[in-house]
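Analysis of the macromolecular model
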Amino acid sequence: MMLSPDVIAILVLDALFLLFGTFAFVLSLGIARHFDAHSFHERQYALEKKALLVATIIQYIFYLKLPLFLFFIFTSDTISNLITGAMCAAGVVNSVDFGLLLFAFKIINLYLFGFWLVLHTLDLKNETLPYTRAKFSLFVLFFFFLVAEIFCDFYFFNALNIDKIVSCCGTLFSATSTSSIRFIFELPHPILLSMFYGTFALHVMLFFRKDALGFLLVNLFFIPLSILALILFFGTYIYELPTHHCPFCFLQKEYHYVGYLIYITLFGGTFFGISASIMSLADQRKTYASFYRYSFYLTALFVAIVSAYPLLYFYRNGVWL
Amino acid sequence: MIHLNTVSKIFNAGAKNAFCALDAVSFEIKQGEVVLLKGASGSGKSTLLSLIAGLGKPTHGEIVVGGKHISKLPDHFAALFRRSSIGFIFQKFNLIPTLSVFENIIVPLIPSNIPEKELCSRANSLMHRFGIAEKRETLIKHLSGGEQQRVVICRALINNPRILLCDEPTANLDATLSYEFVQMMQTLKTEGKTIVIATHDSLFFDLPLIDRSIELSKGKQI
Amino acid sequence: MHIKFNTYLLAYALNALYRRGFKSFFTFLMLSFITFLMASILIIAHAIKYELSLTIDALPELTIQNLQAGRHQNISLEHLDTLLDIHGVQRAIPRVWGFYYFDNAGVNFSVMGIDTFDHQTKEHLETMVTAFDFEAFVATPSMVVGKGVQRILNENYYKDYFNFITTEGNFQKVSLAGVFDARTSLESNDMIFMPQEIVRNIFGMHPQEATDIVLRIANKDEIATIITKVKALYPSSRIITKEAMRVSYQSIFDYKSGIFLALFLVCLVTFLMIVYDRASGLSSEEKKEVGILKAVGWQINDILKEKFYEASIIAFSAFLCAIIAALFFVYTLQAPLLRDIFTGYSVLKPTFVLPFVVDIQMLSVIFFLSVPIYMAAVLIPSWKTATLDADEVMR
Ligand SMILES: Nc1ncnc2c1ncn2[C@@H]1O[C@H](COP(=O)(O)OP(=O)(O)O)[C@@H](O)[C@H]1O
Ligand SMILES: [Mg+2]
């Protein structure tokens, strides 16, 4: 068990989330079951108030989770100094079996809670509260994701063992590794890059056409594709090392923490994109132009940042890696 | 403008201490009318006003104000409705004693976050109109009853409402101030505001200002 | 999702706090104090950890200890030259040191042998070796002691010399040649320096033995191969790398500050219960105010937002005050009382100035353990306030 102050901070907030989350979960069950905007019953008024409490709790959790997620990565990076063999968060995360799962949960939960809040805002725009039941039923589901993440967090810090020697990212993300992701290294760069920039072009086009369904699909596809492109291609230019494929190391100080910017623009852009599409699909009358715009700007910024590395490298050295 | 259809309000319904404060009240108030809501203390006048403003929900019946089904509106939207359409003048003034005159007047506009320029110009013109401009920075607790009454009216008008609801507006005023109040209502009437005055003050009976009276007794309309 | 910032609401929140004067101030003060305590503990631990890492950096790459039946034994010097022949080893330095128990005073002195003919293991010891003439100390047995040692000797009427009792039961008289100021954690108050020959005599060690051997290594990448070769030479040895020391020290410190943090959290929870209680109990004035706000068109969300602004003002200002106060307390006042918690143990001796280190990570920990937790404590009371029935004002 690691009992350093940063780990304690994360666990304490986790405990708080669990407490509030459970409370919200119980209330949500009642709301999802009994809420009826047309009812005159006293219970309905009580439920309306409780719905606001749950929404407040979810906002609290979400807005705290955002900085806490960054802090989690930062902490994992620090812990990598303690663990033999780990050079960055990748090694730390991989030092326990479910490390990547934990990471996935953390990101997915941020998306889920974010969508929930979008739905909530949408709901409060209409006097019939059309999505109230749906949104609390959804929270009942999301709660299990939250619980899973919190337990993973707990077991993660519990299982971290500073005496154990782990693989560093160099072996985790390499073509020779025996890991399950080896096959992706067989994807040739030209194909990968044309897919990456092609998807981005589609993104831009659909942004101007405000095509909700297409935009949704493009954004959903863009997340894994971008991560893949980061590992296989762009990362190597950030490190200027053709063999270094780690998607975590560029979060470190040596690379001016550029990873934070990269991931914030990627996740932020796709989040707004997916939200905008879902909202326009749900409510055909409006276009939610601001969300489309945020999505476009952030995604364009993401593409610009990652593209700048290989271009600058080529400009300076006259060759590709 | 205001439409009530067999509206009942039972407090603590179902419990032992259930109390029927309003019993099947129905009436209609047209735009620009000034209506007097008469009745002894405890007859349900305040309860009725708060239902019209959407502060509470009726146990039975339907309330439609300006085409909106107030009785069906969730709290979130009832507040928006009050913000846009209702001005409230309370019996006990209900000002925030530790805020200044200006601050009290702008309270209803705070959540709307409108530009400061517009906010100030609205508040200033109202303060000039009701003669309390020089008290702008004075705290409410240092004001006389008549001055407080004017602040209340300014606050009720700052959102430019179509409907003014007055609950015992003259209960804390002496005769001259009460008369002054009637004068002010008179000018507001000429501006086309719909006004409901709930009172048991005989001053209002048979005033030319009043278009119509509705009388309540123990929750029933007579 | 649209969280627009509302300056009027902020002004209103500030005003509301001001109006509740004492109540707000009390909360602010309590939160500041508790955050200050936590911040001080963390900053001290952080500073000591930093000092420790500097200290550890100065250590040799490898320390070879001889083990017998799992216990630390003296190591023979027969392979010293072979060690030096290992590729990559710059220097191999035998060290002679130990603890001398002074019965009369009931204290342990750390006795460190100085090899008068060799380079010293730690650079800053060299300044002492040049300041005092240790070569002369061999002829007339002499020592240099820390301030603490001098005090204890004085208390026991040893002014100019001290009689060590050797393992054979003889007296070894050593005169006091000088006193040094402990400047870093390594040259501690309880230390005695004297030539290695005398230390061997006192502890009854064979001239061909040392307490341990430290190796200086030029290239870190060669450490692993060197370790295997040393193992072959001294099969029963334990080889401690600098890296291992660093890790174990760091985890000891994390652990220690973790325990205090846990204790501190108990305080925090108590405090938050008070906050919860106070925030839940509303005066009739406050209830009426909520009623007025709702009657004039505020939504429940607006009131919640106002409460959120209030809580943020308190939490952030308390956080800032606490950080500033803690920095002042730790670095200007050198943390009286609190630093003993960390330095009172034998791991380190308490005589050094805390180095100034502040980083984002530490500030984040303090932030996460104060601001959001306070917000959590007022969340439910705020909701209760915001959902009060508005017809309170009508009566
Ligand atoms: N929240 C409440 N719970 C129980 N009874 C109430 C409540 N509010 C008002 N009443 C009762 O309803 C009756 C009508 O009150 P009200 O509308 O204030 O009368 P009026 O304004 O005409 O004096 C009174 O008898 C009062 O005691
Ligand atoms: Mg009344």
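Remember, it's a predicted structure, so these values are computed and weren't measured experimentally.

Comments concerning the overall build of chain B
- Check the secondary structure of chain B and you find six helices and 10 strands.
- Radius of gyration (C-alpha) of chain B: 17 Å, near the 17 Å computed for a compact globule of 222 residues.
- Its C-alpha atoms give chain B principal-axis dimensions of about 50 × 40 × 35 Å.
- Considering only contacts in chain B between residues 6 or more positions apart, those separated by 24 or more positions represent 71%.
- About 9,000 Å² of surface is accessible on chain B, with carbon and sulfur atoms providing 51% of the total.
- Between the mean site of the 25 positive side-chain charges and the mean site of the 20 negative ones, chain B shows a separation of 6 Å.

Side note on the interface of chain B and chain A
- Counting residues at the interface gives 12 residues for chain B, matched by nine residues for chain A.
- Surface buried jointly by chain B and chain A totals about 940 Å² across both partners, of which 62% is contributed by carbon and sulfur atoms.
- Three residues, Lys 72, Pro 74 and Phe 77 of chain B, lead the burial of chain B against chain A; their summed loss comes to 45% of the area buried on that side.
- Our enumeration of links across chain B and chain A arrives at one salt bridge.

Topic: the side chain of Asn 159 of chain B
Residue and element names in this part refer to chain B.
- Along the chain, Asn 159 turns up in the loop between helix H5 (145-157) and strand E7 (163-167).
- Here Asn 159 falls in the buried class, since its relative accessible area comes to 11%.
- At a separation of 2.8 Å, a polar atom in the side chain of Asn 159 contacts the main-chain carbonyl oxygen of Arg 83.
- Setting aside its immediate chain neighbours within four residues, Asn 159 contacts Arg 82, Arg 83, Ser 84, Ile 86, Leu 109 and Arg 122.

Observations concerning the pairing of strand E12 (residues 212-217) of chain C
Residues and elements named next belong to chain C.
- Most of E12 is tucked away: six of the six residues are buried.
- Here E12 shows two buried faces, one formed by Asp 212, Val 214 and Arg 216 and the other by Ile 213, Leu 215 and Ile 217.
- Direction of pairing for strand E1 (residues 62-68) relative to E12: antiparallel, over a ladder of three bridges. If you follow Thr 63 over to E12, its bridge partner there is Val 214.
- Here strand E4 (residues 89-95) runs beside E12; their pairing, made up of six bridges, is antiparallel. The residue of E12 that forms the bridge with Arg 95 is Asp 212.

Quick word on the packing of aromatic side chains
Residue and element names in this part refer to chain C.
- Throughout the structure, instances matching the rule amount to 68 aromatic pairs over all chains.
- Aromatic side chains Tyr 100 and Phe 164 sit 4.8 Å apart centroid to centroid with 75° between the ring planes, which places their arrangement in the edge-to-face category. Of the two residues, Tyr 100 is situated in strand E5 (residues 97-102) and Phe 164 in strand E8 (residues 161-165); the sequence distance between them amounts to 64 residues. One exposure class covers both Tyr 100 and Phe 164, and it is buried.

Details of the site of ligand 1
- Among the 12 residues in the neighbourhood of ligand 1, the closest are listed as Gly 42, Gly 44, Lys 45, Ser 46 and Thr 47 of chain B.
- The environment around ligand 1 is built from residues contributed by chains B and C.
- Contacts to ligand 1 include Ser 43 of chain B, whose backbone N or O atom sits 3.2 Å from an oxygen atom.
- Within the complex, the protein chains bury 73% of what would otherwise be the 560 Å² of accessible surface of ligand 1.
- Take the shell around ligand 1: its biggest share by element is three residues, from helix H1 (residues 45-52) of chain B.
- A per-class count over the shell around ligand 1 returns four nonpolar, six polar and two charged.

Parameters at a glance
Residues numbered from 1 in each chain as written. Chains lettered and ligands numbered in written order. Predicted model: local features only at pLDDT ≥ 70, side-chain atom pairs only at ≥ 80, totals over all residues. Heavy atoms only, no water. Helix = DSSP H or I, 4+ residues; strand = E, 2+ residues; numbered from the N terminus. Rg over C-alpha atoms; globule rule 2.2 N^0.38 Å. Contact = heavy atoms within 4.5 Å. Areas by Shrake-Rupley, 256 points an atom, 1.4 Å probe, with all protein chains shown as cover. Lys, Arg positive; Asp, Glu negative; His and termini not counted. Charge placed at Lys NZ, Arg CZ, Asp CG, Glu CD. Buried area = accessible area lost by both parts, 1.4 Å probe. Salt bridge = Lys/Arg side-chain N within 4 Å of Asp/Glu carboxyl O. Buried < 20%, exposed > 50% of the residue type's maximum accessible area, 1.4 Å probe, protein only. Polar contact = N/O pair within 3.5 Å; in protein donor to acceptor, adjacent residues only side chain to side chain. Pairing = 2+ DSSP bridges. Phe/Tyr/Trp six-rings, centres within 6.5 Å; stacked < 30°, edge-to-face > 60°. Near = heavy atom within 4 Å. Nonpolar A, V, L, I, M, F, W, Y, C, P; charged D, E, K, R; others polar.

None of this, on its own, says anything about what the molecule does.
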